[in-house]
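So you can see what is in the structure, the chains are spelled out below.
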Amino acid sequence: MDLNLNGRHALVCGATAGIGRAAAHELALLGAHVTLLARRADALEAAAASLPRPAAGQHHAWVAADVSRPEALGTQVQALASARPFHILVNNTGGPPGGRAIDADAGAYLEAFHQHLLANHALVRALLPGMQGAQWGRIVNVISTSVKEPIANLGVSNSIRGAVASWAKTLSRELAADGITVNNVLPGYTRTQRLEQILDDRSATTGRSRDAVAATMLASVPVGRFAEAAEIAAAIAFLASPAAAYINGVSLAVDGGRMQSI
Ligand SMILES: NC(=O)c1ccc[n+]([C@@H]2O[C@H](COP(=O)([O-])OP(=O)(O)OC[C@H]3O[C@@H](n4cnc5c(N)ncnc54)[C@H](OP(=O)(O)O)[C@@H]3O)[C@@H](O)[C@H]2O)c1
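Every chain's residues receive numbers from 1 upward, in the order its sequence appears when written. Where totals are concerned, whole chains, interfaces and linings use all residues; where local detail is concerned, this predicted model gives features only for residues with pLDDT of at least 70, and gives and counts side-chain atom pairs only at 80 or more. Values reported for side chains reflect all heavy atoms of the structure, with hydrogen atoms and water molecules removed beforehand.

Visitor: Which residues make up unusual backbone geometry, and what values go with them?
Guide: Look at Gln135: it is not a glycine, yet its phi comes out positive at around 50 degrees. By secondary structure assignment, the location of Gln135 is in the loop between α4 (106-134) and β5 (137-142). The backbone of Asn153 shows a phi angle near 70 degrees, a positive value even though the residue is not glycine. Runs of E in the DSSP output that reach at least two residues are strands. Runs of H or I that reach at least four are helices, and both are numbered from the N terminus. Tracing the backbone shows Asn153 in the loop between β5 and α5 (155-175).

Here it is, written out as structure tokens:
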């Protein structure tokens, strides 16, 4: 199986923590040059320095940017791409705050739309000329299982994830002729800062302890544990590899079997 990414250049967003950071690590292990994107410069610098470099001449970099400002993001990343084209894009950022759909105001929906759909779109448009020039590209969007089964008390998140999945499916059909695939990874409960935030929210909303909330969540996962970020990252790296060339337009759940739908 060809997993070799030597000579490929990846942009990994949300790469200072959690799933994004783990994805950057896996892509670097497969030989890619990796550029990390997130807001905190100090954390980016540390994450870039810790990335493996198994291939000769492998060069990692970072850029501090805020994906909640898609226009500025597009301009910033376009400049990077014209200096060194990218072949792989991992669209990933922090999740929207919790809460019921009915309680969220229009501003909360708009903010999520900017940070998720419009940011992803700005990044694809900035990187597309490079991928088309190479006739090879991989776009992997980190979304959520809520694309298929909405999750209680994540109303804004559920709504925006569906929009991103529809955008991605449409793009997968538009870009495939240029050797570019577009796929989604849907993480289940994964041990990151985001999961800590969800445990805190549910504990505050229900008045139950965090341990009790965690136990209820775990009871819904057939494999009986939360995922490690590296397990989600492995799926992202596979979809980014040459071996996955014929996988296009899918939403791959990595959830320990939690979803009930087929
Ligand atoms: N963990 C789970 O159980 C789980 C389950 C399903 C779906 N997901 C989804 O998967 C995605 C990643 O989750 P995670 O658990 O890895 O999250 P995380 O641990 O909270 O990490 C989020 C990353 O995104 C960056 N980020 C946040 N806001 C940003 C912004 N405005 N601009 C640029 N970068 C930003 C953060 O870095 P800076 O702070 O340095 O910017 C950090 O690197 C999220 O969309 C989450 O909702 C997670």
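Visitor: Give me the packing of aromatic side chains: which residues, what numbers.
Guide: By convention, a stacked pair of Phe, Tyr or Trp rings (six-membered ring in the case of Trp) has centres within 6.5 Å and planes under 30 degrees apart, an edge-to-face pair has planes over 60 apart, and any other such pair is tilted. Scanning the model with the defined rule gives one aromatic pair in all. On the numbers, 6.1 Å between centres and 90 degrees between planes, the contact of Tyr189 with Phe226 is edge-to-face. In this pair, Tyr189 is assigned in the loop between β6 (180-187) and α6 (193-206) and Phe226 in the loop between α7 (210-219) and α8 (229-239), connecting sequence segments 37 residues apart. Judged on exposure class, the residue Tyr189 and its partner Phe226 are both buried. Taking the ring centre of Tyr189 as reference, the NZ or CZ of Arg258 above it sits at 4.2 Å. Relative accessible area decides the class of each residue, using a 1.4 Å probe on protein chains only: under 20% of the type maximum gives buried, over 50% gives exposed, and in between gives partly exposed. The criterion for a charge sitting over a ring is simple: Lys NZ or Arg CZ within 6 Å of the ring centre, and within 35 degrees of the ring normal.

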